[in-house]
Structure formats: structure tokens, C-alpha cells
Amino acid sequence: MADSESEDSDGEGGLGNVSRVIIRPPGVSGKAKRGHLCFDAAFETGNLGKAELIGEFEYDLYLRPDTCNPRFRFWFNFTVDNVKQDQRVIFNVVNMNKARNLFNNNLTPLVKSSSRPKWQRLPKKHVYYYRSPVHQNHYILSFAFSFDKEDDVYQFAVAPPYSYSRLQSYLNFIENRQQNDKKFVRTSLAKSLQNRNIDLITIDEISCKSKSLRTERSFIRVIVILSRSYGNASPASYMCQGFLEFLLSTHKIAKILRENFVFKIVPMANPDGVFLGNNRCNLIGQDTNRIWHVANEFLHPEIYAIKNMLKEIDNSDIFQIDFVIDLHAHNSLHGCFIYGNTYEDVYRYERHLVFPRLFAAHVKDFAANNMMFNADDKKVGSARRFCCERLSDTVNAYTLEISLGGHYLKDGKTVALCGRNLARTLLHYYRFINILAEPLPTDVRAKKRRPRTHQARSRSRQRYEVKPRPKTTRCSAPISYTNLSISYDSGGSSDEAFSPERHYRYAPRSSHLSGYRSYYRNPSSSLLSQAQDQFTLLRIKSGKFDTLHCGYKIGSKIPTRSTPLEQNEPKFEVSINIPPKPYLSIIDLNQLTRGSLNKKSNSFEYS
């Protein structure tokens, strides 16, 4: 049992985090000895409400619920010290609210010590997740551990913590790192209920010249990244930091994105919940990803300020929001995946699916089976549902989820760089929709060639004979026009202005006419074929050439470019015969045979 008379007890009766609580065996009093474990969670992101000794080596641990909301109990982060050499214990976390979580799928707690500051997961053979009849048939997380160093302080957590203080230190570091070359601007959107900053990172390197010339490029496209709406979503903060670090680097992709788009990044949307060690809620017990539609500046100043920023950008005449991506950590599923929306407009829904498909191609641990697109009424207060309903149709709002157990690949050792992959996917997306140009050939890496010292592979001496192509029998069509040089009568015809013989003197230069080079090489054949093609009966209209295709009259001299070479060009005069216009006759195609085709062709009467 806990020593309520100890000076180290917080005296809150389990309502708050334990603060240097020493657990003594029954009947033992006085100064604590080695092996009387001391539990502490009274620090930033800490969570442990109560600890009880139920056996010689076994402890029951009770998680502290979120402030003002006893519903959520999953996150834990606490330290243990005053241990004895080679002391073995069993910890039972007895009041988790979620029965379906990653501990069912081989997730194990993390541990580190003061002499070994790197987080390590406990072996699976030492971790158990089961229903306990002793604890009203609730699910219990039990794990065995052996303390090997007496002077060390051991810390246990669900996931690597990422505190508000760590974020402030990182932002101060990158802000001091940029001296002359400022790549971002750090501002504060608002203050939380506990007077903490809601930081906004704005990356805008679009030049003033390109901003003034928006007639060609339309609006300036804005990408909004939100992170850490929940206190337990520490992997989302690591992903946001990786994305921000890559975007501020000297990489070619980062430079292209900075010069063409504006980024608005909110790295911690719920700083109070993160600081207090809550699972989901803020200071007053409100789920910050379920109150977007009812947020106000007095109860939810963080969400209210972010909403106003989005509406201001969306109503601007210069900017256009393309993406609102909310980074989360999922405590029930493995891998990396995306939640999206559904729309009645089919074209908008198809456009909404493009980015997840491209992201799946860049992320190796992408879990396509966990991806979901819906319009559930229970999620009406989430960020992605609010943005797709209250903002313009051009906005694509997603929830990007990564596993609370870490974004590792299938081998369990290699870490997937989700922040960098997010930036690569954005570049791929804008090239896919033709907003950005494809990379130049100089940007593509040249293929590695073999060194000159390498001996070329000897060619095979075997020669393969090329077989000649088999000859096929070709027979000419049975239709043949004869006696095309029929003269017209001088009167009684609508084509009386025409003579069957016309002189075509110069080679055509118009784009409607082809074969100019072959015209000089073989004037007797190419010129005649061109002239017959240009002066067919379909192009002759009441004594004038069709002006829609060419601006010249038959018999007039065609103007050409006045160059010295054209003055010495040879001139040809070729007389061509124009076939007369036939009358229409009805032919029964069912009775027409190859033998009677000649008869029908000879039976045409000409005027």
C-alpha cells in the first residue's frame, strides 16, 4: 500500500499524478530502503495516478484520466528509482479504457534509464495483455522487468514523449540558426487556457515578382500542416519536426517547394493537453478534434485561432488553400495511412483520391487496408470534416495517421522517414497536375558508365541469317477511270468559267499543301499529283477556288517569299485534266459483284 504519511506523497488521493511516492511493504515504516520503489509522474507529459503493492514483487498501476474527463485512460509515462540490484518486478496497468489497441498486436512498452538514454522496447515474451477476472474482467497490461543498476532512474512510457518544452527548444534553435538567410517566420496565433503559445511557422519564399504576376499562375497555393491535437500523439510531433527540418534544408525538393508554395505549419495544436500528459483532451476535458464546428475563443482558443486563419486564407483574393493535413498517431493500427472524406461530386472525390495514391507509392510502410474515406456524423467536429464542408471546394483535407508504436518498416529496425516522404509526395502531386514542370534532363542523374579499363564483352561469332519476307500476291482494284480528258461544252454548264486545261506554275508554300521538296525532285509526278489533289471537284465552287483553305484563284500567280534563291528557281508549266462532275446514280450494293463492278463503272454518265 502507499504510505500516505510520507513526506514525498502528493496527498491528492490518486486524483493527480504521483509525485515521489514510495511504496513500502506492509508492516514496514520509517526510512525507505533499497528496493522500496519510488514512483514519480509529476513532470511534463507524465501520467500515473496511483501505485499499489499487491504481492512481494507485483504492483498494480492506475492511470490518471484526462483532466475533467474520466473517459480517456491510455497514455502512461512515469519513472521508477530507489531500486535494488537485480530486483525483478511485475507491473500491471489495470484501468486502460481501450480494450482494442496495439498491445493486442505485439506492441510493448518503452523503457530507458539515466545511464542509457535511448528508448528501447521490452521483449514481447515479457509483456502480456489479457482479461483479468480479478479486475472485473477488464483488460490488463502486465510486463515483467529486472532492474540491473541501483543508481539509475528508469522511465516507462507507451511511446517516446515529445513535450511542449522540447518543441520550444527546437523552434528557438532553428530560429537562431537562420541568421541572414531567413527561411521561415515564427508567430503566435493565440494563447492557450494555461497561457502557452500556439506557434505558427510560415514558410514563404515566393518572390515579389512572381506574386505580382498572378495572371498566369492564378492563386498562390497554400499548404497547411496541423499536428499534435492529442496529448498521446507524440509520433506525430516527430513526423512534423522531420517534415519541417527537411523543408528548411538545402535539398532540391525542399527548395522547389519553398519557391512555389506557402506553408503554414502549426506544430502543436493542444499544448495544454501535451503538457499535462492527457490522452486526448485539453485542460477542460474537451476533445480538440471533435469541437471544430462549435469552437469559441473562450473555451477553445487554440482551435478558434486556427479556424480564423484558415477562413482568412480561404477568403483571400491572392491565396488558395490546397491541402489541410492533420497529423495524428493511431493507437490501434500499425503502419502509416490516411483518412479522407467522401463527396457527392464525383469529380471532386476522384481529385481527392490522387494524393493518397501518390503518398502510398512513396511510403514503404503504407497500410492501404487501414485507409478510410467517409462522411461519418460522429466525426463532424474533426478538422478534415470541417475543412471540406466550410472551406472552398479546392481544399483537400486529410488525417495522416502513423502508428503509436512507431513508423518502422517490416523488418522492425529501419525507421520510415514519413516527414521527408510527405514532402516528396507534395512535389509529385504538383507535377502530376502540371503545376510544376518536370525535371530537366540535367537534373536527372547520368547513368553510371563502365570504366575504360573494363574489357568489352566479346560478341558472339554466330551469325543469324535474315530470312527474306515472303512475297504476297497483290491485285489491283477493278475500278479504273479511262478517258479523263473529256472536254466541256462552252455553254450550258455552271462550270463554264473553267477550262479543262490549267497552268500551275509555282510550287505552293502554304501549310495546307505538302510535298514541296519532292516537287522539284520529280516534277512530272509530284506536281501532277499535288495539282490533282488541290483542284478536285470538291474544292471547285462556282468558278472560284475555296477561299477557306487557300486565298488564291486558279490561274493567278501564287505569291512566294521574295528571296534571291527563288528568283532562279525553275518554273514548270504542266497541263492537267480535270475529270467532269458525275451524276449521282443509285447502286444496289447487295447485287453488286466483282464482275459487275466494271460494268457499273462504265455505265456512269458524265455531263
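Quick caveat: nothing in here was measured; it's all calculated off a predicted structure.

**Student:** Any details on the pattern of salt bridges? Residues and values, ideally.
**Tutor:** Applying the stated criterion across every chain, the model contains 14 salt bridges. A salt bridge links aspartate 393 to arginine 348; the shortest N-O distance between them is 3.4 Å. Residue aspartate 393 is found in the loop between helix 10 (383–390) and strand 19 (396–403), and its partner arginine 348 is found in helix 8 (residues 346–352); the two are separated by 45 residues along the sequence. Overall, the relative accessible area of 51% leaves aspartate 393 in the exposed class. On the basis of relative accessibility, which here comes to 9%, the residue arginine 348 falls in the buried class. Arginine 385 is the salt-bridge partner of glutamate 389, the closest N and O atoms lying 2.6 Å from each other. Placement of both glutamate 389 and arginine 385 in helix 10 is noted, with a separation of four residues, approximately one turn of the helix. Residue classification places glutamate 389 among the partly exposed positions, given a relative accessible area of 44%. Look at arginine 385 and you get buried, because its relative accessible area is 6%. Members of the salt-bridge network, linked through shared partners, are Arg116, Asp148 and Asp152.

**Student:** I'd like a rundown of the sheet that holds strand 15 (residues 262–266), residues and numbers included.
**Tutor:** An order of 12-13-15-14-16-19-17-18 is seen for the eight strands of this open sheet, with the pairing classed as mixed. Bordering the open sheet on either side are strand 12 (185–191) and strand 18 (372–374), each of which pairs with just one other strand. Adjacent strand axes in the sheet meet at a mean angle of 20° when their direction is disregarded. Pairing analysis gives five bridges linking strand 14 (residues 220–227) to strand 15, with the strands arranged parallel. By the bridge assignment for strand 15, leucine 226 is matched with valine 266.

**Student:** Describe the packing of aromatic side chains, listing the residues and the values that go with them.
**Tutor:** Within the structure shown, the criterion is met by 32 aromatic pairs. Centroid distance phenylalanine 323 to tyrosine 429: 5.0 Å. Interplanar angle 75°. Geometry classified as edge-to-face. Residue phenylalanine 323 is found in strand 16 (residues 319–330), and its partner tyrosine 429 is found in helix 11 (residues 418–432); the two are separated by 106 residues along the sequence. Both residues of the pair, phenylalanine 323 and tyrosine 429, count as buried. With a centroid separation of 6.5 Å and an interplanar angle of 90°, the aromatic rings of tyrosine 349 and phenylalanine 373 are classed as edge-to-face. Residue tyrosine 349 is located in helix 8, and its partner phenylalanine 373 is located in strand 18; the two are separated by 24 residues in the primary sequence. With relative accessibility at 25%, the residue tyrosine 349 sits in the partly exposed group. Clustering of aromatic rings is evident, with ring pairs tying together Phe39, Tyr59, Phe76, Phe78, Phe91, Phe143, Phe145, Phe147, Tyr154 and Phe156. Its guanidinium or amino end placed over the ring of tyrosine 62, lysine 50 lies 5.7 Å from that ring's centre, counting from NZ or CZ. A cation over a ring is seen here: arginine 196 above phenylalanine 275, with NZ or CZ 3.8 Å from the ring centre.

How each quantity is defined
Residues numbered from 1 in each chain as written. Predicted model: local features only at pLDDT ≥ 70, side-chain atom pairs only at ≥ 80, totals over all residues. Heavy atoms only, no water. Salt bridge = Lys/Arg side-chain N within 4 Å of Asp/Glu carboxyl O. Helix = DSSP H or I, 4+ residues; strand = E, 2+ residues; numbered from the N terminus. Buried < 20%, exposed > 50% of the residue type's maximum accessible area, 1.4 Å probe, protein only. Pairing = 2+ DSSP bridges. Axes fitted to C-alpha atoms, helices over the stretch in contact; angles between N-to-C directions. Phe/Tyr/Trp six-rings, centres within 6.5 Å; stacked < 30°, edge-to-face > 60°. Lys NZ or Arg CZ within 6 Å of the ring centre and 35° of its normal.

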